[in-house]
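Listed here are the chains, written in short residue letters.
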Amino acid sequence: MTGMIVNADDFGYTRGVNAGIIRGFRDGIVTSTTMMANGRAFDDAVEYAKENPKLGVGCHLMLVDGVAVETPSAIPSLADREGNLPATVGSLAAKLLAGAVRREDIARELRAQITKVLNAGITPTHLDSHKHTHSHPKVMEQMVKVASEFGIHCIRKPFEGAGSLVKSAFADGWSSFRQSTKALLARTAEPQFQKVARNHGMRMPEHFWGVAATGHLNRESILSMLESMPEGVNELMCHPGQCDDELKHSRTRLKREREVELEALTHPEVRAAIERQGIKLMDYRGLN
């Protein structure tokens, strides 16, 4: 059996992103999403989630590029006095390498974000992280520890197959080449990641897609992935949305690209290809 979880990241980022994700679920192939507890449109996302109970909703945990949910004074090694988290993955990685971030501060912030989602009446199906920060061993260790505390047993494995990355590297110029190269280098962390996940009884899809295609995900790239999708459970990461004024003035690099993804995810040709190839659409609840 070939199963596919289509997870839309960034639920709660803006109202336009939320509306795009819900349209991708109602009219397309999106089956799952992950919520940003510190997103400016968090309350709007909660309402959508409650109106659409068949949509799987997990937590999109934020350790970079945002404001902490926990009180800044409780996590001084992770956030500044205004609560700002490290701006980039590189800055977080540098602090982790220098031993400047306390593990308990990471755990406290993760707990605060999951607790906010739970208090809103949403039971998370799984965890993933913004910019895949949990691919770092120190972050992963705290994430699975906190996940176990909350009884969450599913997590994203954020490592795309080498074959897919090499194929995508030359698909759309320098940007896709750079992104694929970074993803290939990140795969060096996968053995340790798998070990930690196994030790804590975490369940994950066997295959992951969408890293190299981020910013370039369209109908053609999805159809190409479907042609080579192996047996087992696959996760396709996506970022659909509607590019309203709020998104246009936000810091994300994915703006009009989200509308291209939404068009692809709702295209009848994509749905037909899934049905033709006998791929079962599912969400993370299917792993339990």
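Only a predicted model underlies this, so the values are computations on that prediction, with no experimental measurement involved.

*Asks:* How would you summarise the overall build of the protein if you had to cite specific residues and measurements?
*Replies:* Each helix and strand in the protein was counted, giving 12 helices and seven strands. Taken against the 2.2 N^0.38 rule, which gives 19 Å for 288 residues, the C-alpha radius of gyration of the protein at 18 Å falls within 12% of a compact globule. The C-alpha extent of the protein, read off along each of the three principal axes, is 55 × 40 × 40 Å. Burial analysis of the protein (288 residues in total) assigns 56% to the buried set. Contacts in the protein between residues at least 24 apart in sequence constitute 76% of all its contacts with a sequence separation of at least 6. If you sum the accessible surface of the protein, you get close to 12,400 Å²; carbon and sulfur atoms cover 52% of it.

*Asks:* Report on the environment of Pro268, specifying residues and quantitative values.
*Replies:* For Pro268, the position within the fold is in helix α12 (residues 268-276). Put simply, Pro268 and Arg219 are 49 residues apart on the chain and 10.0 Å apart in space, counted from C-alpha to C-alpha.

*Asks:* Give a detailed account of the pairing of strand β2 (residues 32-35), specifying residues and quantitative values.
*Replies:* Covered by surrounding structure in β2 are Ser32 and Thr34 together with Thr33 and Met35, the residues of both alternating faces. In this structure, strand β1 (residues 2-11) lies alongside β2, joined through three bridges in parallel fashion. Directly across from Phe11, in β2, lies its bridge partner Met35. Considered for its hand, the β-α-β crossover made up of β1, helix α1 (residues 15-27) and β2 is right-handed. Where β2 meets strand β3 (residues 56-61), four bridges bridge the pair, whose relative direction is parallel. Bridge pairing in β3 places Met35 opposite Cys59. Note that the unit made of β2, helix α2 (residues 42-51) and β3 has a crossover that is right-handed.

*Asks:* Please give an account of α1 that cites residues and values.
*Replies:* Taking 1.5 Å of rise per residue, the 13 residues of α1 would be expected to cover 18 Å, and the 18 Å separating its terminal C-alpha atoms lies within 8% of that figure. Within α1, the full set of buried residues consists of Gly16, Val17, Asn18, Ala19, Gly20, Ile21, Ile22, Gly24 and Phe25. Those residues of α1 that are buried lie in contact with β1, β2, α2, α10 (245-248) and α11 (256-265).

*Asks:* An account of the packing of helix α9 (residues 219-227) against α12 is requested, with residue identities and associated values reported.
*Replies:* Contact geometry for α9 and α12: axes closest at 10 Å, N-to-C directions at 5 degrees. Viewed along their axes, α9 and α12 adopt a mutual orientation that is roughly parallel. When α9 is examined against α12, the residues Arg219, Ile222, Leu223 and Leu226 are found in contact with a partner set consisting of Glu269, Val270, Ala273 and Ile274. For the contact of α9 with α12, the class distribution of residues is six nonpolar, no polar and two charged.

*Asks:* Go over helix α5 (residues 137-149) with me, naming the residues and quoting the values.
*Replies:* Relative to the 18 Å expected for 13 residues at 1.5 Å per residue, α5 spans 19 Å between its end C-alpha atoms, a close match to the ideal helical length. Where α5 is buried, its residues contact β3, α3 (89-97), α4 (103-119), β4 (127-129) and α8 (190-199). Immediately beyond the C-terminal end of α5, within one or two residues, lies Gly151, with a positive phi of roughly 70 degrees.

Cut-offs and rules
Residues numbered from 1 in each chain as written. Predicted model: local features only at pLDDT ≥ 70, side-chain atom pairs only at ≥ 80, totals over all residues. Heavy atoms only, no water. Helix = DSSP H or I, 4+ residues; strand = E, 2+ residues; numbered from the N terminus. Rg over C-alpha atoms; globule rule 2.2 N^0.38 Å. Buried < 20%, exposed > 50% of the residue type's maximum accessible area, 1.4 Å probe, protein only. Contact = heavy atoms within 4.5 Å. Areas by Shrake-Rupley, 256 points an atom, 1.4 Å probe, with all protein chains shown as cover. Pairing = 2+ DSSP bridges. Right-handed = clockwise from strand over helix to strand, strands pointing away. Expected span 1.5 Å × (residues − 1). Axes fitted to C-alpha atoms, helices over the stretch in contact; angles between N-to-C directions. Parallel < 35°, antiparallel > 145°, perpendicular 65-115°, else oblique. Nonpolar A, V, L, I, M, F, W, Y, C, P; charged D, E, K, R; others polar.

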